[in-house]
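# Tertiary structure, described
Residues per chain are reported as follows:
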Amino acid sequence: MGRTNTQARPAGACVAAVSPRTAGRGTARRLRCLSVLPLLAALLSSCDSGTSGTVTLNWYNFPDDSGALADAATNCTRASGGRYRIAYNKLPRGADGQRQQLVRRLAAHDDTLDILGLDVTWAAEFAEAKWILPWTGDNRRSATVGTLEVPLQTATWKGRLYAVPYNTNTQLLWYRSDLVPKPPKTWAEMVTMATALAEQGKPHYVEIQGAQYEGLTVWFNTLVESAGGSILNASATAPSLGPPAVQAATIMRNLARSPAADPSLSNQMEDQNRLAMESGTAAFELNYPFVYPSMKANNPALFKNFRWAPYPGVDPGRPSKPTIGGIDLAIGAYSRHPALAFDAALCLRNRENQMTAALKGGLPPTLRALYSDKALIKSYPFSADVLNALENASTRPQTPAYQNVSIAISHTLSPPSAIQPRSDIETIGSQIEDALESKGLIP
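Below or above, wherever it landed, is the structure these notes cover. Computed from a predicted structure; not experimentally measured.

### Describing the pairing of strand β6 (residues 164-169)
Within β6, six of the six residues are buried, leaving the element largely enclosed by the surrounding structure. Pairing of β6 with strand β11 (residues 325-331) involves five bridges; the strand directions are antiparallel. Within β11, the residue paired with Thr-168 across the bridge is Gly-326.

### A short note on the pairing of strand β3 (residues 115-119)
Among the five residues that make up β3, five are buried, leaving the element largely enclosed by the rest of the structure. Both faces of β3 are covered, namely the face carrying Ile-115, Gly-117 and Asp-119 and the face carrying Leu-116 and Leu-118. Where strand β1 (residues 55-61) and β3 come together, two bridges link them in parallel fashion. Each bridged residue has a counterpart across the sheet, and for Trp-59 the counterpart in β3 is Ile-115. Across five bridges, β3 lies against β11 in antiparallel orientation. From the neighbouring strand, Leu-118 faces β11, where its bridge partner is Asp-328.

### Points about the layout of surface pockets
In this model, the largest pocket occupies a volume close to 1600 Å³. Taken together, 47 residues make up the lining of the largest pocket; nearest its centre are Arg-93, Ala-95, Gln-98, Asp-119 and Glu-270. Breaking the lining of the largest pocket down by element, the ones donating at least two residues are α3 (95-107), β6, α8 (214-226), α10 (270-279), β11, α14 (351-361) and α17 (402-412). Looking at which element gives the most residues to the lining of the largest pocket, the answer is α3, with seven residues. By residue class, the composition of the lining of the largest pocket is 16 nonpolar, 19 polar and twelve charged.

### Some words on the state of the cysteines
Summed over all chains, the structure comprises one disulfide. Each disulfide pairs two cysteine sulfurs, and for Cys-76 the partner residue is Cys-347, the sulfurs being separated by 2.1 Å. Measuring handedness by torsion sign, the sulfur bridge of Cys-76 and Cys-347 sits at about -100° and is left-handed. Residue Cys-76 is found in helix α2 (residues 68-79), and its partner Cys-347 is found in helix α13 (residues 338-348); the two are separated by 271 residues along the sequence. Across this residue pair, the class does not change: Cys-76 and Cys-347 are buried.

### Section: the sheet that holds strand β9 (residues 282-287)
Overall, mixed pairing links the four strands, which are arranged β8-β9-β7-β10 in an open sheet. Each having just a single partner strand, β8 (205-207) and β10 (306-309) make up the two edges of the open sheet. Direction aside, neighbouring strands of the sheet carry axes that sit 20° apart on average. As paired strands, strand β7 (residues 172-176) and β10 are joined by four bridges and run antiparallel to one another. In the sheet register, Arg-176 faces β10, and the bridge partner there is Phe-306. Against the sheet, α10 touches β7, β8, β9 and β10, its axis set at about 155° to β9.

Cut-offs and rules
Residues numbered from 1 in each chain as written. Predicted model: local features only at pLDDT ≥ 70, side-chain atom pairs only at ≥ 80, totals over all residues. Heavy atoms only, no water. Buried < 20%, exposed > 50% of the residue type's maximum accessible area, 1.4 Å probe, protein only. Helix = DSSP H or I, 4+ residues; strand = E, 2+ residues; numbered from the N terminus. Pairing = 2+ DSSP bridges. 1 Å grid on protein atoms, 1.4 Å probe; cavity = no way out; pocket = protein on both sides within 12 Å on 5 of 7 lines; lining within 4 Å. Points joined across faces, edges and corners; volume = space filled by probe spheres on them. Nonpolar A, V, L, I, M, F, W, Y, C, P; charged D, E, K, R; others polar. Disulfide = S-S within 2.5 Å. Axes fitted to C-alpha atoms, helices over the stretch in contact; angles between N-to-C directions. Contact = heavy atoms within 4.5 Å.

Given below as structure tokens:
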């Protein structure tokens, strides 16, 4: 049993009010109630901590259909030797719903939130609000040893580590080798190839996330970083943008106005991109590794020509810097069992559990050593490319105001075909300044 916010009474609980008709029997009734209270207290205590003194740690994370997270909770419960039991609680499917639930409960100082699965953009906000605990001493050393550097950056705020990377993610360029013998190295080269295929009447679309949501921000951030720029300055106190941002916005507009653009570009997210590629209408796709097993299962004929390559760059000779995703595990500041929660979080993201998440859930690991593991390489024949992308990746702007920054970008650059590079970048810069000054913050 866990704590509940409902008003239901336990069986046998006493009613405080006594009607005039039963007032004469009030003394006997109160005696019976008093005799029951110690038993109720014992029952509630056992419900709260689990059986035989075992502490229940509540882990809140995204809903996982693969079973990898449930397996991790079971594995770590067993490994604790009876010290704790991990209860895996599923958050809403959408990132906005996940954040909203955690924010509301943490703002209310909810002490049943022990281990929190945070989107890689939330650490700064939660740390600044003092909703999560910093990782220090042995816990920090255990969290960082063997862990890839860029995922660690997503969990760091003002030089302090506030979470441990549980998994990560990055996009690759996926293409059809029957249409494209040699993958493009830049966006300009890719659009040129797609245009040539269109003139030949062949499948030619470039599938990319163009809808007005977080995916559009990720596309823009990747292009800005790949052009040598950044959305915020190094101290996250002001927008940076400049010529690299104008160049990024120009690339987005040029693609959207070219034959390479899918007619549904302005409404497409990752899954629509996957489906379009599987339908055979596209030649290129910028997406996460989940598309590989999906293509294998859904279109075996096309899968024979399904290949991958590094994310295309902005300029020849300059490597791309794809924006990473993933989940970081943080410890709730109001947890009644923080020491056990730190221990459990380290277990949840250990080698065994990260391997299970990769093989069953398709989530790239954050431990470098796993990329040379034969089991991972067999399931992820593109593991070397994923590792290379992660080592050269970028993070989204790290700021407590990230939600506002992302909205400013995605709303201004939507639809991509209507982008006015210079004026839109000026608009984004002005809106980011307001966001950093806490003007018009979203809840």
